[in-house]
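Chain residues, written in single-letter form:
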Amino acid sequence: MTADILIVNARTRAVIAAPGTTAVAWRDGIVIALGDDAAVGALAGPATRVIDARGMELMPGFVESHLHLFMGGATLTMLDLGTTFGFDAVAETFARAATDRPGDDLIQAFSVHYTVFGEGTRPDRHILDRISPDRPISLMSADLHCTWANTAALAQAGVLHGADVGPEAEVVMGPDGLATGELREFAAMNRVNMLSRLQGRDGLDYRPAGPVAESDRSYDCEVIRQAAGYCAAHGITSAVNMDGNAYQAGLLRDLALAGDLPVRVSLPLRLVASDGPAGLAMLDDFGSEVPGWLRFDRVKMFLDGVWDTWTALTTSDYPNRPGFRSQPLIPQDTFDAICIAADARGLQIATHAVGDGAVRAAIDGYAAARRANGPRDSRHRIEHIEAITPQDLDRLAPLGITASMQPLHPPGAAGLPLQPTVSIMGRDRWPTAFPWRMLKDRGVPLAFGSDWPVSPIDPLLGIHACLSRQPWADGMPDQRISLDDCLLACTRGGAYADFSAVRRGTLAAGLDADLVLIDGSLDGLAESPDAARVALTVCGGRITYGADSL
Ligand SMILES: [Zn+2]
């Protein structure tokens with residue numbers, strides 16, 4: 001048998017491949033050999049393409065365990081304020097965009113920190129009006145749970161005088177009887193997003209009332225295609241999407257069937273409280289999967305929000321707010337009923353749980369499903385686990401729960417501000433906050449992701465954040481895990497959590513040819529995020545990124 005493509009002169013590390021592995025060959029999208037250059041090189045035929053890795057490191061492709069592909073694609077044309085602070089810098093960025101984008105109905109920024117205008121100064125419409133008095137602008141918070149808009153945007157969206165956006169969201173009102181400009185959670189944020197070219201179709205809760213115009217649909221397909229290409233450019237070969245509906249399923253299927261998807265995607269059905277267990281029927285509207293490229297076997301729910309809007313659900317009072325622990329977004333009995341029904345259908349459940357109260361509620365729901373349906377290899381997941389009580393830390397492994405964690409999320413990670421998050425969370429919760437090491441030590445399967453566009457998508461930046469994390473105060477435990485364990489959480493661990501480990505996440509003959517070449521030093525990521533970069537991405541045997549210089 002001859003190879004379609006083979007890579008020689010690479011290096012591998014012990015946790016990834018047998019000692020002496022320097023080469024890999026594949027044919028028809030499947031790895032056919034892994035070994036030293038001589039053995040694998042023997043599979044070269046006249047038509048085989050041979051890539052000289054020049055000593056670069058060979059790894060399985062990255063499995064990104066938590067992202068938002070459609071919203072991420074949308075942010076590729078937004079202003080990125082992830083490293084921008086101060087009024088003048090923000091104003092200058094918008095001024096430039098106003099000139100560059102005369103046709104945009106709404107100029108949108110994302111990855112905006114709560115302290116963008118300084119500690120203690122929450123963004124509001126008055127500040128934003130000084131930046132843009134007439135043209136609608138919006139700033140989406142870094143955690144994606146909040147948007148700030150100027151008066152023009154609020155007025156055009158019809159929310160300046162307030163709006164009923166349901167119990168899970170809020171148009172925050174000021175003492176003057178008008179909206180302050182802060183829109184909390186998706187239903188509120190979407191009102192302003194409706195002013196954009198995407199008109200909210202990338203939103204978590206999007207359910208079209210009627211047919212979507214063909215021009216809009218092809219625009220949306222292109223947004224997702226760009227997002228998938230962006231994944232490939234960062235070494236990602238499988239992406240676990242965390243919001244899903246029938247509309248997105250259709251877009252992704254069209255792309256997959258056309259061979260236009262450079263990354264494998266699994267898409268969940270997103271359910272809210274009012275859907276109840278009956279909402280699972282919406283999965284029937286997703287249509288057919290595309291084997292190997294597109295899967296729909298998961299439900300996604302949110303049990304709470306985030307710290308910075310005091311919507312994380314806690315088991316004990318927030319600091320300085322006696323009696324306040326926030327509210328679950330789904331009542332426990334409804335959540336349990338959905339878990340039982342989804343589990344009975346063989347679906348995996350992924351639940352957003354940030355506060356220790358939400359994590360407990362998620363565990364309780366998964367335990368209820370197990371009691372009702374009996375034990376099975378369900379691998380139900382909890383997304384984020386930013387806080388957890390010491391007692392609940394010990395409940396995850398026995399229930400087979402996977403921890404889906406984002407190394408770039410902890411305050412302080414890779415330059416993120418500590419405030420206001422760590423103060424709102426409260427010091428009592430710090431010892432078990434973002435407890436990667438504690439989870440690992442308890443045998444809880446770890447899967448790493450970025451939550452893009454909440455954080456930058458780059459898995460190497462995530463690894464840097466994990467390896468360089470510092471405790472928030474003296475005496476707090478070290479939650480770092482080793483580089484090997486980080487690499488596994490980005491590959492094999494992600495594939496395990498995605499039920500695809502039999503085909504992916506590891507370098508081995510007979511498995512899918514999903515792999516990357518890394519230029520530079522992964523070990524150097526502990527010191528610098530620039531120590532390594534993705535030079536080549538191969539997904540299903542197809543080169544999806546790089547190679548021009550190889
Ligand atoms: Zn997310």
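- Under an unreviewed UniProt entry, the name given to the protein is Amidohydrolase 3 domain-containing protein, and the source organism is Loktanella atrilutea.

1. Considering the UniProt feature "domain: Amidohydrolase" (unreviewed entry) in the protein
Okay, so step 1: Under the local residue numbering, the UniProt record ascribes the feature "domain: Amidohydrolase" (unreviewed entry) to residues 49-545.
Okay, so step 2: The distance from the first to the last C-alpha atom of residues 49-545 is 16 Å, and the span holds 29% helix and 19% strand.

2. Some remarks on the layout of surface pockets
Okay, so step 1: In this model, the largest pocket occupies a volume close to 900 Å³.
Okay, so step 2: Elements with a minimum of two residues in the lining of the largest pocket: β8 (107-112) and β17 (298-302).
Okay, so step 3: Taken together, the residues of the lining of the largest pocket sort by class into 25 nonpolar, 17 polar and seven charged.
Okay, so step 4: Both of domain 1 (69-194) and domain 2 (214-536) provide at least three residues apiece to the lining of the largest pocket.
Okay, so step 5: Here the second largest pocket defines a volume of roughly 380 Å³.
Okay, so step 6: Among the elements of the structure, α2 (69-75) and α7 (214-233) are those that each provide at least two residues to the lining of the second largest pocket.
Okay, so step 7: Examining the composition of the lining of the second largest pocket, we find that four residues originate from one element, α7, more than from any other.

3. Regarding the coordination of the zinc ion
Okay, so step 1: On the protein side, the zinc ion has H66 (NE2), H68 (NE2) and D451 (OD) as donor atoms, found 2.1 Å from it.
Okay, so step 2: On the primary sequence, the residues serving as donors to the zinc ion are separated as H-x1-H-x382-D. Across the pair, exposure class does not vary: H66 and H68 are buried alike.

4. Description of the packing of aromatic side chains
Okay, so step 1: Within this structure, the stated rule accounts for 12 aromatic pairs.
Okay, so step 2: With centroids separated by 5.3 Å and ring planes inclined at 85°, the aromatic side chains of F286 and F296 adopt a geometry described as edge-to-face. With F286 in the loop between β15 (269-270) and β16 (294-295) and F296 in the loop between β16 and β17, the pair connects residues that are 10 residues apart, well separated along the chain.
Okay, so step 3: Since its relative accessible area comes to 6%, F296 is described here as buried.
Okay, so step 4: Ring centres of W307 and Y318 lie 5.9 Å apart, and the angle between their planes is 65°; this geometry places the pair in the edge-to-face category. You can see W307 sitting in the loop between β17 and α9 (332-344) and its partner Y318 sitting in the loop between β17 and α9, a full 11 residues away along the chain.
Okay, so step 5: Aromatic ring contacts, followed pair by pair, group W307, Y318 and F324 into a single cluster.
Okay, so step 6: Of note, R130 hangs over the ring of F87, and the distance from its end group to the ring centre comes to 4.2 Å.

5. Topic: the domain arrangement of the protein
Okay, so step 1: When the domains of the protein are assigned, the result is domain 1 (69-194) and domain 2 (214-536).
Okay, so step 2: Each of domain 1 and domain 2 has a C-alpha centre, and these two points are 26 Å apart.
Okay, so step 3: Contacts between the two partners involve 26 residues from domain 1, matched on the other side by 32 residues from domain 2.
Okay, so step 4: Across the domain 1/domain 2 interface, buried area totals approximately 2,300 Å², and carbon plus sulfur atoms make up 72% of it.
Okay, so step 5: Sorting the residues of domain 1 by area buried against domain 2 places L69, F70 and E168 first, and these three jointly supply 34% of that buried surface.
Okay, so step 6: The tally of links between domain 1 and domain 2 comes to zero salt bridges.
Okay, so step 7: The interface formed by domain 1 and domain 2 holds two residue pairs in polar contact (both at pLDDT 80 or more) in total.

About the cut-offs
- Here, residues in each chain are numbered from 1, in the same order as that chain's written sequence.
- Under the rules for a predicted model, residues below a pLDDT of 70 receive no local features and side-chain atom pairs below 80 are neither given nor counted, while totals for whole chains, interfaces and linings still include all residues.
- Remark: hydrogens and water are excluded; side-chain values derive from all non-hydrogen atoms of the structure.
- UniProt positions are given in the numbering used here, feature names are shortened, and annotations may be inferred rather than shown by experiment.
- Note on conventions: DSSP H or I runs of at least 4 residues are helices, E runs of at least 2 residues are strands, and numbering of each starts at the N terminus.
- For cavity detection a 1 Å grid was placed over the protein atoms alone, and a set of points counts as a cavity when a 1.4 Å probe fits there but cannot get out; an open set counts as a pocket when protein lies on both sides within 12 Å along at least five of seven lines, with lining residues being those that have an atom within 4 Å of a point.
- Grid points are joined across faces, edges and corners, and a volume is the space filled by probe spheres set on the points.
- Polarity classes work like this: nonpolar for Ala, Val, Leu, Ile, Met, Phe, Trp, Tyr, Cys and Pro, charged for Asp, Glu, Lys and Arg, and polar for all others, with Gly in that last group.
- Domain start and stop points were drawn from an automatic or database domain assignment.
- The rule for donors is simple: an N, O or S atom within 2.8 Å of the metal counts, and for Na, K and Ca the reach is 3.2 Å. Water is not among the atoms, so a site may look short of donors.
- Exposed residues in this analysis have more than 50% of their type's maximum accessible area, buried residues have under 20%, and partly exposed residues fall in between, with area computed by a 1.4 Å probe over protein chains only.
- The criterion for an aromatic pair is that two Phe, Tyr or Trp rings (for Trp, the six-membered ring) have centres within 6.5 Å, with stacked assigned to planes under 30 degrees apart, edge-to-face to planes over 60 apart and tilted to the rest.
- Note on geometry: a ring has a charge over it if NZ (lysine) or CZ (arginine) is within 6 Å of the ring centre and within 35 degrees of the ring normal.
- Pairs of residues are marked as contacts when any of their non-hydrogen atoms sit within 4.5 Å.
- Once two parts are brought into contact, the accessible area they lose, counted with a 1.4 Å probe and summed over both, makes up the buried area.
- One side-chain nitrogen of Lys or Arg within 4 Å of one carboxyl oxygen of Asp or Glu is enough to make a salt bridge.
- In protein, a polar contact requires one atom able to donate a hydrogen and another able to accept it; more generally it is a pair of N or O atoms within 3.5 Å, and residues adjacent in sequence count only if both atoms are side-chain atoms.

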